[in-house]
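# Coordinates in review
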Amino acid sequence: MRVLTVNPGSSSLKLAVVDGGVVAAEEHVAEWDGVTRDELEGFAAAHPPVHAVSVRVVHGGDRTTPTVLDEGSLAELRCQVPLAPVHQPRSLTLARHALDLPAGVPVVGCFDTAFHAGLPAHVATYPLPRRWRDRYGLRRYGFHGLSLAHATRRTAELLDRPVRRLRLVCCHLGAGVSVTAVVGGRSLDTSMGFTPLEGAAMATRCGSIDPGIPLYLLREHGLSVSDVEAALNRNSGLAGLSGTSGDVREVLRSRARGDPEARLALDVYLHRLRREMAAQAVSAAEPDAVVLTGGVAEHQPGLRAELFDGALLGARVDPARNRATGDRLISAESSRTAVVLVTCREENELARLCEETLSVGPTGAPAPS
Ligand SMILES: Nc1ncnc2c1ncn2[C@@H]1O[C@H](COP(=O)(O)OP(=O)(O)O)[C@@H](O)[C@H]1O
Ligand SMILES: CC(=O)OP(=O)(O)O
Ligand SMILES: [Mg+2]
């Protein structure tokens, strides 16, 4: 079965055709405007045949499994737009375009949040008034689930241990950054919460800050809600700290030229990431391995080494292994905790879930209903 996978990140759009579990074609649109359908239509037309489309939908609310999308389910998923204001509209726009493709194939929505559906109650619950939690549905969800599912499976292969016996701290370092304790294949804790704004500092998102700050800005300085929302989502993190870009490549170049703001930006980014990793190591209780995945982790060996400079979690990066390529162990033999690097492959997980949802038989043809 050939599955067209659609993966909108906060700024990029990743399209692929996965054929029998293997990526047969892919395209990375670095700056998708969040509206136009040309990219999806053009890619689908260039890589026929397509038997189904699988769309990454960042917020699935309480959904625990993928859903075949139609007008009704798209309308329901709009309720989650305020809970992922940067991502959800992009996912739903693409799902809408996918339903309109001339091929007329089924469109499956796969949710980032589903991987975290079993978070223990004491992890999912915010210390907020009960009335609010009940009335407004305030709880922690967690994100990057498709990436985590793939990274966990791949780590088990690399370490030659079954998933059920692995205690992992998984770091997804892309434009969005999250850290998750995955034990026996299940998410036990994660740094993102009700929205993808909580936790580590990111490319353009602030991560966790004192909740008094937005209140102060709204009350004392008359900033509007939309100004605050835009600043926390789009002009904070590495972008806000460096004063230039949220792209770690650019911030690293500025630091190499001696720019003090870029140095501070990376110091803050790494400090907050290490703090989240230490917190997830508590939830994972003596993790066997730290897993690094996502664009920043994959392409920046120097930053990987720097992250573990202070032997965080007893992990030591081996310089030769760190320089090599492909999915692999990058820690030294003497390392107390293994460090594994896995290329982010949300595509594979999107295709796998899509085939499972459409009950594809062993021959690749849809099973008779
Ligand atoms: N060589 C590189 N190529 C692409 N991205 C890189 C590279 N080095 C670092 N990055 C960082 O990876 C980030 C994108 O990661 P990615 O996982 O693709 O994010 P997303 O899926 O959220 O768009 C960019 O913000 C960029 O800073
Ligand atoms: C949920 C999230 O932050 O996704 P991304 O990293 O793709 O922006
Ligand atoms: Mg991504």
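Here is a short report on the structure shown in this document. Remember, predicted model here, so these are calculated numbers, not experimental data. (Residues numbered from 1 in each chain as written. Chains lettered and ligands numbered in written order. Predicted model: local features only at pLDDT ≥ 70, side-chain atom pairs only at ≥ 80, totals over all residues.)

### Some details on the environment of Cys344
Turning to its location among the elements, Cys344 is positioned in the loop between strand E12 (338-341) and helix H15 (346-357). For Cys344, a count of 24 C-beta atoms within 10 Å corresponds to the buried category. Here the alpha-carbon distance between Cys344 and Leu148, two residues 196 residues apart in the chain, equals 8.6 Å. In this view, Cys344 contacts Ser147, Gly174, Thr293, Gly294 and Glu298; residues no more than four positions away in its chain are not counted. (Helix = DSSP H or I, 4+ residues; strand = E, 2+ residues; numbered from the N terminus. Buried ≥ 20, exposed ≤ 12 C-beta atoms within 10 Å, placed from the backbone. Contact = placed C-beta atoms within 7 Å.)

### Overview of the site of ligand 2
The immediate surroundings of ligand 2 are formed by Gly9, Ser10, Val58, His87, Asp112, Phe143, His144, Gly174, Ala175, Gly176 and Pro196. Class assignment for the residues of the shell around ligand 2 results in 4 nonpolar, 6 polar and 1 charged. Summarising the domain contributions, the shell around ligand 2 has at least three residues from each of domain 1 (2-114 + 347-357) and domain 2 (145-341). (Near = placed C-beta within 6 Å. Nonpolar A, V, L, I, M, F, W, Y, C, P; charged D, E, K, R; others polar. Domains from an automatic or database assignment.)

### Things to note about the site of ligand 1
Inspection of the region around ligand 1 gives 17 residues, with Gly9, Gly174, Ala175, Gly295 and His299 positioned closest. Listing elements by their share of the shell around ligand 1, those giving two or more residues are helix H10 (248-256) and helix H12 (295-299). In terms of residue count, H12 provides more of the shell around ligand 1 than any other element does, 3 residues in total. For the shell around ligand 1, the class distribution of residues is 5 nonpolar, 10 polar and 2 charged. If you count residues domain by domain, the shell around ligand 1 takes at least three from each of domain 1 (2-114 + 347-357) and domain 2 (145-341).

By themselves, these observations are geometric and do not establish any function.
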